[in-house]
Amino acid sequence: MSGPCVILGKWSLRVKSRQVCMSYPLADEPETPRLTPAVQWFIAINVAIYFLQITLVRPADVVSWFGFRAVDLPERWWTTITYMFVHGGFWHLALNMYTLFLFGPKVEHEWSAPAFVRYFLLCGLGGLMLHLLFFRGSAIPLVGASAAIYGVMLAYARRWPDDELYLFAIIPIKVKWLMATLVLIDLVNGLGGGFGNPNVAHFAHLGGFVTGWFYLRATEAARGEGIRARIDRVRDLGDDPPRPVPRGLQRPRQERDDVDDIVAKSKAALAQHPGVQVAPLPPTSTLPSPQADLDLLLDKISKHGIDSLSDEERRLLEDTSRRMRSDERSDS
């Protein structure tokens, strides 16, 4: 039942050409490169290894050296990683690389290249582990990047669930429903009740998905409900272009540093653009905690920009920053 990881089968995808439904207005989206560095390197490595398969080295030898088999452990320990970069044929490679090209750059651009690489490899290892639970004694090599790519697709689907793609270049479908459909197909086929190719490692796909889901849930919980969970970006001042607040997977201490950064921008706004006002926030006495103060201020900054804060609100922002830092020192 094991074999090459194939991700999309007979389905073909292309990005919807007109404006898609985003979690925030399309005009505020930073432009995403067609190919980000990590995605470019992953594609290049996969293509280079496939080139070796069809030119300088026999395909069976490449699969034997770099494909994963449990019976080869621990001697061929490197195959736990290299199996993700070997494919069983042209269409297997083409579908996986096209899917990585379709979903990977936006995720990497949202995070960072190192974070994307770690996540990609982790999902690949997760797919391998789940595959091993069901096919521990199999002598058939496991090859393909599909488990890792399932994790990338999940990250995309969680961040931009309502983006639309076309199946068969005709049928529009939202990314969240595409992801759910693929997981259901793999689950049915993996349990033996399906109609798919028996050489497809369905449990490796599911392992990449499950690993990605737990990883994303854990990092979201660790990040908490601070600045990155409340706003997508803070508008910079002066002639510099807007700088998005990173939504990367960072520790809560970084959130305090970002509050100080916002305070500094607020002071600069007060000096450069006095008198810009929007409706004031409720009195401080009605707010239950520093976090509630901060949440209201961040909501206002997200909607109207930092220039919209009144003098009282700027003082509140500074006081809240000091209180958060004081609490942090007390905890330590």
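For the structure, check the block above.
Residues numbered from 1 in each chain as written. Predicted model: local features only at pLDDT ≥ 70, side-chain atom pairs only at ≥ 80, totals over all residues. Heavy atoms only, no water.

Secondary structure summary: the protein chain contains 12 helices and 2 strands in total. Across the 332 residues that make up the protein chain, the buried fraction comes to 45%. As displayed, the protein chain offers around 17100 Å² of accessible surface, 61% of which is attributable to carbon and sulfur atoms. (Helix = DSSP H or I, 4+ residues; strand = E, 2+ residues; numbered from the N terminus. Buried < 20%, exposed > 50% of the residue type's maximum accessible area, 1.4 Å probe, protein only. Areas by Shrake-Rupley, 256 points an atom, 1.4 Å probe, with all protein chains shown as cover.)

Looking now at the packing of aromatic side chains. Considering all chains together, one arrives at 12 aromatic pairs under this definition. Centroid distance Phe 42 to Phe 120: 4.1 Å. Interplanar angle 20°. Geometry classified as stacked. Note that Phe 42 is positioned in helix α1 (residues 37–54) and Phe 120 in helix α5 (residues 113–134), a separation of 78 residues in sequence. Judged by centre distance (5.0 Å) and plane angle (85°), the rings of Trp 111 and Tyr 119 are edge-to-face. A relative accessible area of 17% means that Trp 111 is categorised as buried. Above the face of the Trp 160 ring, Lys 106 is positioned so that its terminal group lies 4.7 Å from the ring centre. (Phe/Tyr/Trp six-rings, centres within 6.5 Å; stacked < 30°, edge-to-face > 60°. Lys NZ or Arg CZ within 6 Å of the ring centre and 35° of its normal.)

Quick look at the pairing of strand β1 (residues 164–167) now. Pairing between β1 and strand β2 (residues 171–174): 4 bridges, direction antiparallel. The residue bridging Leu 167 from the neighbouring strand is Ile 171, located in β2. Here β1 folds back onto β2, and the loop between the two strands holds 3 residues, one of which, Phe 168, carries a positive phi near 55°. (Pairing = 2+ DSSP bridges.)

Another point: helix α7 (residues 175–190). Here α7 contains 16 residues, and its C-alpha end-to-end distance of 22 Å stays within 8% of the 22 Å for a straight helix at 1.5 Å per residue. Listed in full, the buried residues belonging to α7 are Val 175, Leu 178, Met 179, Leu 182, Val 183, Asp 186, Asn 189 and Gly 190. Down the axis of α7, the smallest arc covering the buried residues is 135°, so these residues share one side. What points out from α7, more than 90 degrees from its buried face, is the exposed set Trp 177 and Leu 184. The positive-phi residue at the C-terminal boundary of α7 is Gly 192, with phi of around 90°. (Expected span 1.5 Å × (residues − 1). Arc of directions from axis to C-beta.)

Attention now goes to unusual backbone geometry. Looking along the chain, the bond that leaves Leu 73 and enters Pro 74 is cis, with omega of 0°. With respect to the helices and strands, Pro 74 occurs in the loop between α2 (59–66) and α3 (79–82).

Take a nonpolar patch on the surface next. On the surface, Phe 51, Leu 52, Ile 54 and Leu 56 cluster together into a nonpolar patch covering about 420 Å² of accessible area. Structurally, Phe 51 can be placed in helix α1. (Patch = residues over 30% accessible without salt bridge, like charges linked within 9 Å, V, L, I, M, F, W, Y side chains within 5 Å. Salt bridge = Lys/Arg side-chain N within 4 Å of Asp/Glu carboxyl O.)

This paragraph deals with the nonpolar core. Generally speaking, soluble globular proteins have nonpolar side chains that are buried together. Ranked by size, the top nonpolar core spans 57 residues in total, and within it Leu 100, Phe 103, Phe 116, Phe 120, Leu 178 and Met 179 carry the most contacts. Broken down by secondary-structure element, the contributors of at least two residues to this core are α1, α2, α4 (90–110), α5, α6 (146–159), β1, α7 and α8 (202–223). The element contributing the most residues to this core is α6, with 10 residues. One finds Leu 297, Ile 306, Leu 317 and Met 324 within the second-largest nonpolar core, a separate group that totals 9 residues. (Core = buried A, V, L, I, M, F, W, Y, C linked by side-chain atoms within 4.5 Å.)

With their axes 7 Å apart at the nearest point, α6 and α8 run at an angle of 40° to one another. With respect to α8, the axis of α6 lies oblique. Handedness of the α6/α8 crossing: right-handed. Note on element contacts: α8 touches α6 through Ala 204, His 205, Gly 208, Phe 209, Gly 212, Trp 213, Leu 216, Arg 217 and Glu 220, opposite Ser 146, Ala 147, Tyr 150, Gly 151, Leu 154, Ala 155 and Arg 158. Tallied by class, residues from the contact of α6 with α8 come to 8 nonpolar, 5 polar and 3 charged. (Axes fitted to C-alpha atoms, helices over the stretch in contact; angles between N-to-C directions. Parallel < 35°, antiparallel > 145°, perpendicular 65-115°, else oblique. Left-handed = near helix turned anticlockwise from the far one by under 90°. Contact = heavy atoms within 4.5 Å. Nonpolar A, V, L, I, M, F, W, Y, C, P; charged D, E, K, R; others polar.)

What follows is about α5. Here α5 is 22 residues long and its end C-alpha atoms lie 33 Å apart, about the 32 Å a rise of 1.5 Å per residue gives. The elements touched by buried residues of α5 are α1, α3, α4, α6 and α8. Backbone nitrogen of Ala 115 and a side-chain oxygen of the N-cap are separated by 3.3 Å at the start of α5; the cap is Ser 112. (Polar contact = N/O pair within 3.5 Å; in protein donor to acceptor, adjacent residues only side chain to side chain.)

Looking at the secondary structure, you find His 131 in helix α5. Expressed as a C-alpha distance, the spacing of His 131 and Ala 204, which sit 73 residues apart in the sequence, is 5.0 Å.

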